[in-house]
Amino acid sequence: MKYKVADLALASQGKLKVEWAESRMPVLTTLRERFAKEKPLAGARIAGCLHVTKETAVLVRTLRAAGAEVSWSGCNPLSTQDDVAAALAAEDTSIYAWRGLSVEEFYWCIERTLDFKPTLTLDDGADLIFTVHHKHPELAAGIKGGTEETTTGVHRLRAMGEAGKLLYPVMAVNDSETKWDFDNVYGTGQSSIDGILRSTAILLAGKNFVVAGYGHCGRGAAMRARGMGALVYVTEVDPIQALKARLEGFQVLPMDEAAKVGDIFITATGVKDVLIGRHFASMKDGAVVCNTGHYDCEINIPDLEKLAASQREIRPNNDEYRMKDGRRIYLLARGRLVNLAAAEGHPSEVMDMSFANQVMGLIRLHREGPKLEKKVYVLSKEQDREIATLKLSTLGLLIDKLTPEQIAYQSDYAAGT
Ligand SMILES: NC(=O)c1ccc[n+]([C@@H]2O[C@H](COP(=O)([O-])OP(=O)(O)OC[C@H]3O[C@@H](n4cnc5c(N)ncnc54)[C@H](O)[C@@H]3O)[C@@H](O)[C@H]2O)c1
C-alpha cells in the first residue's frame, strides 16, 4: 500500500476542498499548465514533508503534472486535514499523514516517504532533511537538493551549511520576498486570528492582545488583531523590530509586564520558552495563550501543567488549565501552530506564491543540484519578480515601466540638484 491516511471515505469531501483552493491559486495552476507540457521534473522523486492542507494538494498535483513522482508526509502532528490526505491518496499519491500523530508515528510517516529513495526533498521545518542526515545519510548521495519552506527550518539549515554539515544543497524558499513578505505576514496574520476565533469564539474588540516577536508573522498577527479592534502589545528581543512596532503604534514592553495585562497571547518567535512559569503565574483569570511559531516549544507547557490544579478540554483545540489559586488559563491547539491546528492554515491566495517558489526551487535543484555547493541558496531576484508579475497579471493589475531615461538617471553619478 502506498498510503496510510485516517479514512479514505473522506476523499470526495477533500477533493472539493482542493478544487476550491485550486480556483484561488492562479499562479500555480498557470505554472502547472506550462510544466505539464515541458515536464521539467521528469525523473525526479520528491519526498515532501509539509502541512497536508488543500493548498498543499494543489502543489502536489503541480509537481506530479511536471513529471515528478511524489511521496508525502505532514510536518506537524496536528495540522493534517484528513479529508485532503484522503483525496491525495485516492488520486494515487503516495501519502502517509493523519491528524493526531504521536511522535513515533510522525517519524514513521517521514521514513515511509524515504522508501522510494528520493532525488529531492521538500521540507517545512527541516524534520525530513534531518532524518536523512541523522538516520539515513546513505541516501544523500542520490539526493540532488532540498527546499525549505519556513524561517525556523532555514535558520537551522543555514547553521548546518556554515558548519559544513549539509550533505546536499538547499533552497531557502522562505527567504524569497514573494514568500516571506506575503505568506508569513498576511497568511499567518489572518489565519492565526482565524484559529483563535474558531477555538474560542471570543470578541477581539477591546481585548489586550500580546504578540511575542514582531517579525514577519508577528507583524501580520499584530496588524490583523488591531483591525479587529484589539489593543496590541508587542514583546521583542531585537531593538530594531521593537522600534518598528512602536512606530507602527503598538505598545512595546517586556513579557514580564505584558503577562500581567494580556487577555490573549500569541507567540511568533521561532524560539523556545517565550511564555514560562512566572508569566503564567502573573496572568489574569481567563487569559488565552497560543503559538503560531513552527515548533510547540514557544509556550512552556510543562511549566503551565506544574502550576495547574486541573485541566480539561473546554472546546475543540481549547484546553482550560485551572491554577491552584483558582485562575483559569486557556491553551489553544496544545501550543502547536494555532492557524494550522485550529483553522485551515494560510488562505490559498498567499500559498499560491509560496508554492510557486517551491516548484521553481525544485526545478532548479533537479537541473543544477549536483553542480551546486552544499549550502543554503536563495532563489534569484528574477524568479521572485517573475512570480510577482504573474500574480499581478492574474489579479488584472498593471504597473508602470521605467523609461530608458529613468534607467540612465538611476545610475547617473553626475546628476545632482
Ligand atoms: N504559523 C504559520 O503558518 C507560520 C508561517 C510562517 C512561519 N512560521 C514560523 O513562525 C516563526 C516566526 O517566523 P518569522 O518569519 O516571523 O520570523 P522572523 O525572524 O521574521 O521574526 C521572528 C521575530 O521574533 C523575535 N524574537 C526572537 N526571540 C524572541 C523572544 N524571546 N521574545 C520576543 N521576540 C523574540 C525576533 O527578534 C524576530 O523579530 C518561525 O518559527 C517560523 O518558522 C509559522
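Residues numbered from 1 in each chain as written. Predicted model: local features only at pLDDT ≥ 70, side-chain atom pairs only at ≥ 80, totals over all residues. Heavy atoms only, no water.

J.: How do you make sense of the site of the ligand when you look at a structure like this?
T.: In the vicinity of the ligand, 27 residues are found, and the nearest of them are T150, T151, T152, H216 and E236. Take W180: an N or O atom from its side chain is 2.8 Å from an oxygen atom of the ligand. A distance of 2.9 Å separates an oxygen atom of the ligand from a polar atom in the side chain of N184. Relative to its unbound accessible area of 860 Å², the ligand is 87% covered by the protein chains. Only α7 (151–162), α9 (183–200), α10 (216–227) and α15 (338–341) provide two or more residues apiece to the shell around the ligand. (Near = heavy atom within 4 Å. Polar contact = N/O pair within 3.5 Å; in protein donor to acceptor, adjacent residues only side chain to side chain. Areas by Shrake-Rupley, 256 points an atom, 1.4 Å probe, with all protein chains shown as cover. Helix = DSSP H or I, 4+ residues; strand = E, 2+ residues; numbered from the N terminus.)

J.: Looking at this model, I keep getting lost on the pairing of strand β11 (residues 264–267). Mind explaining?
T.: A regular strand places its side chains so that they alternate between the two faces of the sheet. Burial along β11 is two-sided: the residues I264 and I266 and F265 and T267 are all buried. In terms of strand pairing, strand β8 (residues 208–212) meets β11 through four bridges, oriented parallel. Across the sheet, the residue bridging to V211 is I266, located in β11. Note that β11 and strand β12 (residues 287–291) share four bridges and pair parallel. When the bridges of β12 are listed, I266 appears paired with C290. As a crossover connection, the stretch from β11 through helix α13 (residues 277–282) into β12 is right-handed. (Buried < 20%, exposed > 50% of the residue type's maximum accessible area, 1.4 Å probe, protein only. Pairing = 2+ DSSP bridges. Right-handed = clockwise from strand over helix to strand, strands pointing away.)

J.: What's the story with the sheet that holds strand β6 (residues 145–148) in this structure? I'm lost.
T.: What links the strands of a sheet is backbone hydrogen bonding, and the strands pair in either a parallel or an antiparallel sense. Here we have eight strands laid out as an open sheet, ordered β1-β4-β3-β2-β5-β6-β7-β16, and parallel in their pairing. Of all the strands in the sheet, the pair left with one neighbour each is β1 (3–4) and β16 (376–377). Bridge count for β1 against strand β4 (residues 94–96) is two bridges, and the pairing is parallel. Within β4, the position partnered with K4 by the bridge is Y96.

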